[in-house]
Amino acid sequence: MLNRYPLWKNLLILFVLLIGALYASPNLYPEDYAVQLSGNRDIHQVDQPLMDTVTSALKREGLVYKEVELTSKSGLIRFADGEAQLKAKQIISSVLGDNYVVALNLAPTTPEWLESIGAGPMKLGLDLRGGVHFLLEVDMATAVAQRLDVYVSEIKVKLRQDKLRYRSVTHREDGSLEVKFADAATRDKAQSLIRKDYTEFLLQTEDTDKGNFLIVTLTEQTTRSIEDYAIKQNLTTLRNRVNELGVAEPLVQRQGRNRIVVQLPGVQDAAAAKRIIGKTANLEFRLEAKPDASRGLTDTYEFRNEPGRRGVLEKDIIITGSSVSNAQSTFDENGQPQVSITLDSKGGQLMGRTTRNAIKRRMAVLFVEHKARTLIETVDGEQVERRVPYVEKKIISLATIQSVLGSSFRITGLDGGGESSELALLLRAGALAAPVYFVEERTVGPSLGAENIAQGVTSVQIGFALVLIFMLAIYRVFGLLANIALCINLVLLVAVMSLLSATLTLPGIAGIVLTVGMAVDANVLIFARIKEELKNGLPPQSAISAGFDRAFTTIFDANITTLIAAVILFSMGTGPVKGFAITLSVGIVTSMFTAILVTRALVNLTYGNRQLKSLSI
């Protein structure tokens, strides 16, 4: 019979709708304003006595909290509103000091049974939640130049070892190296030597009146590898620095070949954020002081991972972390953890000169952090925050020098793989691999974010209501069925966005409003086709069937072309444009499903089993 789905198709549609409703439902549970506590290192644990101290301080200040949660490594305190949350953060920070990270957070209230099946609410973007956005550009040319400096030192050493006399090694403006020789024969021998040991080089020869030159250029693959390393190290360093801001759910990710996006939800002081992101942490390599060394020539420092243990070091600094060009956690031939370090040319020379006479002595790696304490002071009756900068130096490694060290050496004597990984991370994170520049900066206030949400919701409601009224007035019963399908489309759109953990932004809300209009567009095409078939004299049931069948091709083509445009927007666009493209793409798919299958199922249920003499549409 015409206009009747088989049972399996009805059940399949019903199943999809139930799943959609299930995964969209977490958005009905608004998030709680919360403050999250965690130790800035493993030795500073968040436990029940600490939480009792914090809650007692909150009670003394008259702040009411909803709930306290304690997990294995962190604690969470929920509040009724944002004002209480901000006051609580200030109080808790002053109580706990600098050993704990106190972060603003939005705690989910989704029931556990929904979380157990992977359901959760949509994430809100920075423009809806408030915070700061930075776009940083990494100076790749400097990153490649720094690596070339390391190669210059290595090439000089290798040529000297093979007694191949060269006159100079200089940088060219195009990023290549120029090695000058007295004669072509020596140049050719050097070319063979370098080609054998360095597959990452492209070698060319030049003979001019000024001399015989060997031009060394990095391959494209090596250049990309250096750039990737620079980006990864800068990402690691920036993430470490962002963590110090105490920001919940920060976003630090690569964008394109040489840019990094940093988004800090909840942070309103862009100047403080820029100061911390752009601050310098560094390393110092020093020899352990001899037992008979004068006190005036030594310094005593605490170990970073062993509170109470101290080491006495010489005041003289061998090199700083700015000379470290790479650090990797590896294992030696006996399976013991070690950290392989590569220095630049200048650092290699200084290290070799110092360690030549210090075999079997111990060398310390000192981690130097430029920090700031936040003090709460009362000025004119109001409590204000004041940042006091200070420098913290702690020993992260004290290992024995087994042989003369050059540009590349290893730090051994580590306690385990975890310590070697941490040391390599700290060495890499100590300084940025290449300079970064702020190319874009935006700040969105929390009130503006709330206003954006309210205006976005209002626009969806108005657009939705106008479409419902129009469809009901023009197409009557069919309009009512299309409106039901439109509601289902909105639920499915929210469900898919939640399931994909997509971030909803202001342009994303624009995509939803656009989807609402596009969703009924397909229904309008179908209903107009049914009207034409009725005018052509077809019986009502045949007209309904023909209307859906013949409009399908047009609907499919129109949506596919829009989907192609949305995919291109997603692949070529950035930030808010991508958010719009995601919402639009998901909306196209769900609107096709609801307009073609769900609307027809509703029409079938309404008219499928009836003998119709006429059809009001």
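The model shown is predicted, which means the values in this text are computed figures rather than measured ones.

What counts, and at which threshold
- Starting afresh in each chain, residues are numbered from 1 along the sequence in its written order.
- With the structure being a predicted model, the display of local features is reserved for residues of pLDDT at least 70 and the display and counting of side-chain atom pairs for 80 or more, all residues being used for whole-chain, interface and lining totals.
- Only heavy atoms go into the side-chain values, all of them from the structure, while hydrogens and water stay out.
- Angles run from 0 to 180 degrees between N-to-C directions of axes, and those axes are lines fitted to C-alpha atoms, restricted for helices to the stretch in contact.
- Runs of E in the DSSP output that reach at least two residues are strands. Runs of H or I that reach at least four are helices, and both are numbered from the N terminus.
- By definition, any crossing whose near helix is turned counterclockwise from its far helix by less than a right angle is left-handed, and any crossing with a clockwise turn is right-handed.
- Contacts were defined at the residue level, with two residues in contact if any of their heavy atoms lie within 4.5 Å.
- Classes in brief: Ala, Val, Leu, Ile, Met, Phe, Trp, Tyr, Cys and Pro nonpolar; Asp, Glu, Lys and Arg charged; the others, Gly included, polar.
- Whether two strands pair depends on DSSP finding at least two bridges between them.
- Only protein chains enter the accessibility calculation, which uses a 1.4 Å probe; a residue is then buried when its area is under 20% of its type maximum, exposed when over 50%, and partly exposed in between.
- The directions from the helix axis to the C-beta atoms are what the arc is built from.
- UniProt positions are given in the numbering used here, feature names are shortened, and annotations may be inferred rather than shown by experiment.
- A helix is expected to span 1.5 Å for every residue after the first.
- Each pair of aromatic rings taken from Phe, Tyr and Trp, with Trp reduced to its six-membered ring, is defined by centres within 6.5 Å and is described as stacked if the planes are under 30 degrees apart, edge-to-face if over 60, and tilted in the remaining cases.
- Charges are assigned to positions over rings by a cutoff of 6 Å between ring centre and Lys NZ or Arg CZ, combined with an angular limit of 35 degrees from the ring normal.

Trainee: Mind showing me how you'd approach the packing of helix α13 (residues 506–535) against helix α14 (residues 540–572) here?
Mentor: Angle between the axes and distance between the axes are the two parameters that describe a pair of packed helices. Where α13 contacts α14, the two axes come as close as 7 Å, and the packing angle between them is 145°. As α13 packs across α14, the resulting crossing turns out to be right-handed. Between α13, through Met 518, Ala 522, Leu 525, Ile 526, Arg 529, Ile 530, Glu 533 and Leu 534, and α14, the contact on the second element is made entirely by Pro 540, Ala 543, Ile 544, Ala 546, Gly 547, Phe 548, Arg 550, Ala 551, Thr 554, Ile 555, Asn 559 and Thr 562. Here the residues of the contact of α13 with α14 sort into 13 nonpolar, four polar and three charged.

Trainee: Mind showing me how you'd approach the sheet that holds strand β10 (residues 211–218) here?
Mentor: Each strand in a sheet pairs with its neighbour through backbone hydrogen bonds, running either in the same direction (parallel) or in the opposite one (antiparallel). The strand order across the open sheet formed by four strands is β7-β8-β10-β9, and the pairing between neighbours is antiparallel. Single-partner strands in this sheet number two, and they are β7 (166–171) and β9 (201–208). With strand direction ignored, the average angle separating the axes of adjacent strands in the sheet is 20°. Pairing between strand β8 (residues 177–181) and β10: five bridges, direction antiparallel. Across the sheet, Glu 178 pairs through a bridge with Ile 215, a residue of β10. Packed onto the sheet, helix α7 (residues 184–197) meets β8, β9 and β10 and runs at close to 175° relative to β9.

Trainee: Honestly, helix α10 (residues 345–355) in this entry has me stumped. Any pointers?
Mentor: Helical geometry: 3.6 residues make up each α-helical turn, so side chains three or four residues apart lie on a common side. Taken residue by residue, α10 has Ser 345, Gly 347, Gly 348, Met 351, Gly 352 and Thr 355 as its buried positions. For α10, the buried positions fall inside an angular range of 160° around the axis, keeping them on one side. Along α10, the residues that are exposed and aim more than 90 degrees away from the buried face are Lys 346, Gln 349 and Arg 353.

Trainee: For this particular structure, what's the right way to read the sheet that holds strand β11 (residues 251–255)?
Mentor: With antiparallel pairing, the four strands of this open sheet are ordered in space as β11-β12-β6-β22. What marks the edges here is a single partner per strand, and that holds for β11 and β22 (436–444). For this sheet, the mean angle separating the axes of adjacent strands, direction not counted, is 15°. Pairing geometry for β11 and strand β12 (residues 259–265), over five bridges, is antiparallel. Paired with Arg 254 across the two strands is Ile 260, which belongs to β12.

Trainee: Mind showing me how you'd approach the UniProt feature "transmembrane region" (unreviewed entry) in the protein chain here?
Mentor: Annotation from UniProt places "transmembrane region" (unreviewed entry) at residues 453–473, 480–502, 508–530, 551–573 and 579–603. Here residues 508–530 is 100% helix and 0% strand, with 34 Å between the C-alpha atoms at its ends. Along residues 579–603 one finds 100% helix and 0% strand; the C-alpha atoms at either end are 34 Å apart.

Trainee: So what exactly am I meant to see when it comes to the pairing of β7 here?
Mentor: In regular strands, side chains alternate between the two faces of the sheet. Inspection of the sheet shows β7 paired to β8 by five bridges, in the antiparallel sense. Within the sheet, the bridge partner assigned to Val 169 lies in β8 and is Val 179. Counting the residues that bridge the hairpin from β7 to β8 gives five residues, and of these Gly 175 lies at a positive phi of roughly 90°.

Trainee: Could you clarify how one ought to interpret helix α3 (residues 82–96) in this entry?
Mentor: The first and last C-alpha atoms of α3 sit 21 Å apart over 15 residues, in line with the 21 Å expected at 1.5 Å per residue. Along α3, the positions that sit buried rather than exposed are Gly 82, Ala 84, Gln 85, Ala 88, Ile 91, Ile 92 and Leu 96. Residues of α3 that are buried sit in contact with β1 (32–39), α2 (48–60), β3 (74–79) and β4 (100–107).

Trainee: When you look at the pairing of β12 in this model, what are you seeing that I'm missing?
Mentor: When you tally the buried positions in β12, you get five out of seven residues, the bulk of the element. Taken together, the seven bridges between strand β6 (residues 131–138) and β12 define a ladder with antiparallel strand orientation. Along β12, the bridge assignment pairs Val 132 with Leu 264. In this antiparallel pair of consecutive strands, β11 and β12, the connection spans three residues, and Gly 256 shows a positive phi of 75°.

Trainee: Would you explain the packing of aromatic side chains in this entry?
Mentor: Any two aromatic rings considered together are summarised by their centre-to-centre distance and by the angle between their planes. If you walk through the whole model with that rule in mind, you get five aromatic pairs. Ring geometry for Tyr 475 versus Phe 527: centroids 5.2 Å apart, planes at 55°, classification tilted. Remark: Phe 527 occurs in helix α13 and Tyr 475 occurs in helix α12 (residues 446–499); sequence separation between them is 52 residues. Both residues of the pair, Tyr 475 and Phe 527, belong to the buried class. For the ring pair Phe 478 and Phe 527, a centre distance of 5.3 Å and an interplane angle of 70° mean the geometry is edge-to-face. You can see Phe 478 sitting in helix α12 and its partner Phe 527 sitting in helix α13, a full 49 residues away along the chain. In terms of burial, Phe 478 and Phe 527 fall into one category: buried. Joined through ring pairs, the aromatic side chains of Tyr 475, Phe 478, Phe 527 and Tyr 607 make up one cluster. Across from the ring centre of Phe 303, 3.9 Å away, lies the NZ or CZ of Arg 309, which sits over that ring.

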